[in-house]
Amino acid sequence: MKEKKILEALTDIDDELIEEAEPEKKAKSKKTYIKWIAAAACIILAVGIGITINHISNIYDGGVISEEETTTALVTESNEEVFEEGNTEIVIEEATRIPIDENFWKSLDINQRYDKLQYRSAIYYNHNITASEAETGEKITTVKAEGTDPFDNKSHTKDASVYKLKKFSDKIAIAVKFEESDKFFVYLNDFYEFETSGEIIDELKLRDNLKAIDGYYKEDDIALIRYEKIDTDVILKMLLDDTTLTAIKVTDRILIPDFSVEIEISPFSSDGSIAVTKDGYLIINIFHRETVFFIGREKSEKFIDYVMENYEGKKLVYTTDSPVVYDETAEKLPVTEVFSNGYKP
């Protein structure tokens, strides 16, 4: 804010002083006026250079300048769980420093050094996950794993033995073993494109590996209804029962789910989701890639209605109202409103 104060100082001149100086205005030379403009310009330029240097210094020192909008969870008098949107402010975050020196790369675990490899004409990436010997199948082949030393930007290769995983197709995931280690590291084909619903179910063995968590119904732009601990069987029987569906490309619109369920693909992925829109689209998000199928409006609405009728929902509301302060030391804090079975927004 230094530049703003300087500008105010240059421009915030008392009107009475201006009137007193009026008779002498003609006596002042144009050179003096020009000097003041030049001086002001120099000050502003210096401030600008200082800000720029400071910005560059922050980046060089590992600081990250970003806009952050804070959101605070609280509970209103109506016992709805709400989130208060705070003001957007400039936040300088300290980035994690990585000591890039000649020994840094060698200090990493071997799977982190050689973090990708080519197998089945696809690139598989290290996910810092290990599989037990009991989860690992037979050896498939030996390939060259690849890695780059960030100190000198040189690429390196290492022989790696590829094994099958008993719970997954090797189209999706493999176990990798290096001679220097007794561990089996899991590498995933993150960008594999599924063509049918049956392929997703079979290749990922979802009947054994899928775990559903919480579901979210989008009531409107400021409220969600959360349904906790959705049964995995409900997802399998109501949304993944048809193995003949063909993946479609939706290019003419943006699909916004009306109901989304968080899922885990044990034990290798914990950030996926299975969602539906009221107009009949099924959206499966696994390994950072969406696959879309059309299941029809009737099936989508039947699933949404079933969850609403058989699970308790909690309403999450985003608001800008002032928070209600509660005593955090109280024995029992207020809880979110719990709707009875059968609640429908």
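Residues numbered from 1 in each chain as written. Predicted model: local features only at pLDDT ≥ 70, side-chain atom pairs only at ≥ 80, totals over all residues. Heavy atoms only, no water.

A. Inspection of the side chain of Asp170 at higher detail. You can see Asp170 is positioned in the loop between β6 (154-165) and β7 (173-177). A distance of 2.6 Å separates a polar atom in the side chain of Asp170 from a polar atom in the side chain of Tyr119. The contacts of Asp170, once residues within four sequence positions are left out, are Tyr119, Arg120, Tyr124, Ile140 and Lys164. (Helix = DSSP H or I, 4+ residues; strand = E, 2+ residues; numbered from the N terminus. Polar contact = N/O pair within 3.5 Å; in protein donor to acceptor, adjacent residues only side chain to side chain. Contact = heavy atoms within 4.5 Å.)

B. Layout of the layout of surface pockets. The computed volume of the second largest pocket comes to approximately 400 Å³. Around the second largest pocket sit 20 residues that line it, and Ile248, Val250, Glu290, Thr291 and Val292 are the ones nearest its centre. The set of elements that each furnish at least two residues to the lining of the second largest pocket consists of β12 (269-276), β13 (281-286) and β14 (289-294). The residue makeup of the lining of the second largest pocket, split by class, is nine nonpolar, five polar and six charged. (1 Å grid on protein atoms, 1.4 Å probe; cavity = no way out; pocket = protein on both sides within 12 Å on 5 of 7 lines; lining within 4 Å. Points joined across faces, edges and corners; volume = space filled by probe spheres on them. Nonpolar A, V, L, I, M, F, W, Y, C, P; charged D, E, K, R; others polar.)

C. Up close: the sheet that holds strand β4 (residues 122-131). Strand order in the closed barrel formed by six strands is β3-β4-β8-β7-β6-β5, with antiparallel pairing between adjacent strands. Looking at each pair of strands side by side, their axes are set apart by 45 degrees on average, direction ignored. Of the strand pairs in this sheet, strand β3 (residues 116-119) and β4 are connected by four bridges, and their pairing is antiparallel. Each bridged residue has a counterpart across the sheet, and for Tyr119 the counterpart in β4 is Ala122. (Pairing = 2+ DSSP bridges. Axes fitted to C-alpha atoms, helices over the stretch in contact; angles between N-to-C directions.)

D. Highlighting the side chain of Asn189. Structurally, Asn189 is set in the loop between β8 (184-188) and α6 (197-203). Classification of Asn189 as buried rests on a relative accessible area of 8%. Reaching out from Asn189, the side chain makes a polar contact with the backbone oxygen of Lys171 at a distance of 3.2 Å. Dropping the residues within four chain positions of it, Asn189 is found in contact with Ala122, Ile123, Tyr124, Lys171 and Ile172. (Buried < 20%, exposed > 50% of the residue type's maximum accessible area, 1.4 Å probe, protein only.)

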